[in-house]
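Observations on the three-dimensional arrangement
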Amino acid sequence: MTQPIISFKNFTFKYDSQAFPTLKNINLDINKGEKILIAGPSGSGKSTIGRCLNGLIPNIDTGDIEGECLVDGKNIQNTNLFDLSFTTSTILQDTDSQFIGLTVGEDIAFALENDCKPQNKIRQTVHRWADELNISHLLKQSPQNLSGGQKQIVALAGVLIDESPILLFDEPLANLDPASGVKTMALIDQIQKELNATVIIIEHRVEEVMRQSLDRIILINDGEIVADKKPNDLLHENRLEDIGVRSPLYLKALEKANIDIANIPDLTSVAALPDEPEIGHQLQDWVNHSILEGEKEETTPLLELKGVGHRYNKLQVNPLHDVTATINKGDFVSIVGQNGAGKTTLCRIICGFISNEGRVLFNGDDLASLSIKERSEKIGYVMQDPNQMISQKMIFDEVALGLRLRNHNKETIKEKVKFLKKHSDAYIKDVHRYMVNTNWTWRKSNLPPTEEEIKNFLFSLLDELDSNTTYLSSGGFTVFVNDEQHRIECDFGGDFMKKAGIKLISDEKGSTICDFINVLCADFPILDRDYLL
């Protein structure tokens, strides 16, 4: 019988900062060479399991441990972080915390330099992985100047170059566009097969992870393992959405078309679905009855971009340039594009964080003459990393900060902060910020949108909202844009979309960020502002 390389036995863990355990009675064996997906809703304990595997628990994140966790035969309670680093290589959610080198090339080479490899070997290996990940043109740039998606790829290169027996990926697709996500999963699969490495993937985006074969999917909910099954068996049980994990799009389409998935032998991919005329007819009938109709009757320009652009430095290959677009009052707008296309840069320009070419007009007035503070009275902004926005010790004080700075009275502040209850069950007046910062990433992500929500801005910018889907869902909707029209239909339902007057507009001409804009024009009754994602 194969000896497991990872073994949890009756394992329970409670952070020092928390009153209750994050992981409860975990029993799990993972064999050498397996590729495992750990999935679950935000705050379920997935990342905490990962922190046990790489030794951050208990060496950095201290707490109470019951039971046993063995990694390659080493008990994590008796093994220091240095020794475990030879066994487990990790790519973290926060890629900035992993960067060591001043340039991308130096950062990728760090592990090999630490192992005193010959310089010619280091150069050869760095260029090999840079070519594989299509980041050769970034080798001389600073990692801190890259987009979120590019940072993720660089961190991935730094992990793969070390070729450890266990590769741990904590949400590797978090900041990647769909095309880069597919390539990343293919690369992880290739490396796993070449090295016979044990791969642990912690990820929300189940469908994209399943584009490559998996041995098992482990579902975590409320700190407990609720399922440990082969992907096909788990999909037939249709349990993902019961615990708050999004099902693959094609499964939802089959359900909407009233197709019995129990009669389909293999549900692991679209390609595996049977090529039967009856299924095709049912899907086509559903699509035909879900065509979007309706247009907004009135449009009032709110934000106008005229020839907007920005270049960070002379080494930037594709700077943002010549962006011209109009965002109307009441529009729900999504900016989508490849990593590094300039999506976040455009948000920073609108907020006044960086200089820009061209003009930005708000209600017909040029924003160039306004300071960042003056713009903040009109425009709310939620950053990709919520840690950059959280400054107060207590959650109540954090959410109320903006209102206090605007001199609202205590009763108004108290009433408006109650809005948080609608978006997070983490709401307790006396909860300390540290509890949010330890492992409840979804709650950190929910706090900034809630802060912006109660300030009644005319215009709100939500940068990389994928991590804030709990916030959107709590409002009654979830939006995915670009080529996933049927994902939107699955979430809303055709009748709702027609009633709301949602129209999908797509332009794919190609050279500037303006060409990546997809607009959802809708008068949502629950929204009285605009959201630019």
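My aim in this report is to walk through the structure given alongside it, one point at a time. (Residues numbered from 1 in each chain as written. Predicted model: local features only at pLDDT ≥ 70, side-chain atom pairs only at ≥ 80, totals over all residues. Heavy atoms only, no water.)

Remarks on the pattern of salt bridges
It is possible for side chains of opposite charge to pair when their charged atoms get near one another. This is how it is decided: In the sections that follow, a salt bridge refers to a side-chain nitrogen of Lys or Arg positioned within 4 Å of a carboxyl oxygen of Asp or Glu. Helix and strand definitions follow DSSP, with helices as H or I runs of at least four residues and strands as E runs of at least two, each counted in order from the N terminus. The cut-offs for exposure are 20% and 50% of the maximum accessible area for each residue type, with area from a 1.4 Å probe on protein chains only; residues under the lower value are buried, those over the upper are exposed, and the others partly exposed.
Under the criterion given, the structure shown has 13 salt bridges. Here D64 and K14 are joined by a salt bridge, their closest N and O atoms 3.7 Å apart. Within this pair, whereas D64 is found in strand β4 (residues 63-71), its partner K14 is found in strand β1 (residues 4-15), the two being separated by 50 residues in sequence. The class of D64 is partly exposed, set by a relative accessible area of 46%. With a closest N to O distance of 3.1 Å, D189 and K193 form a salt bridge. A residue pair is termed a helical-turn pair when its members lie 3 or 4 positions apart in one helix, as D189 and K193 do in helix α7 (residues 178-195) at four residues.

A few points about the sheet that holds β1
How we decide: Strands qualify as paired when DSSP identifies two bridges or more between them.
Read across the open sheet, the four strands follow the order β2-β1-β4-β5; overall the sheet is antiparallel. Of all strands in the sheet, those with a lone pairing partner are β2 (23-31) and β5 (74-75), marking the two edges. Taken together, the eight bridges between β1 and β4 define a ladder with antiparallel strand orientation. Pairing of K9 across the sheet is with E68, part of β4.

Considerations on the side chain of E34
Rules: Between two residues, a contact is recorded if the distance between any of their heavy atoms is within 4.5 Å.
The topology assignment puts E34 in the loop between β2 and β3 (35-39). The residues touching E34, leaving out its near neighbours within four places in the chain, are D29, Q192, A197, T198, V199, D215 and R216.

Considering the environment of H310
What counts, and what does not: Polar contacts, as used here, are pairs of N or O atoms within 3.5 Å; protein pairs need one atom able to donate a hydrogen and one able to accept it. Residues neighboring in sequence count only if both atoms are side-chain atoms.
Position of H310 among the secondary structure elements: in strand β11 (residues 301-310). The spatial distance from the C-alpha of H310 to the C-alpha of I349 is 8.1 Å, given a sequence separation of 39 residues. Dropping the residues within four chain positions of it, H310 is found in contact with Q316, P319, L320, T345, I349, I354 and S355. A distance of 2.8 Å separates the side chain of H310 from the backbone oxygen of S355, its partner in a polar contact.

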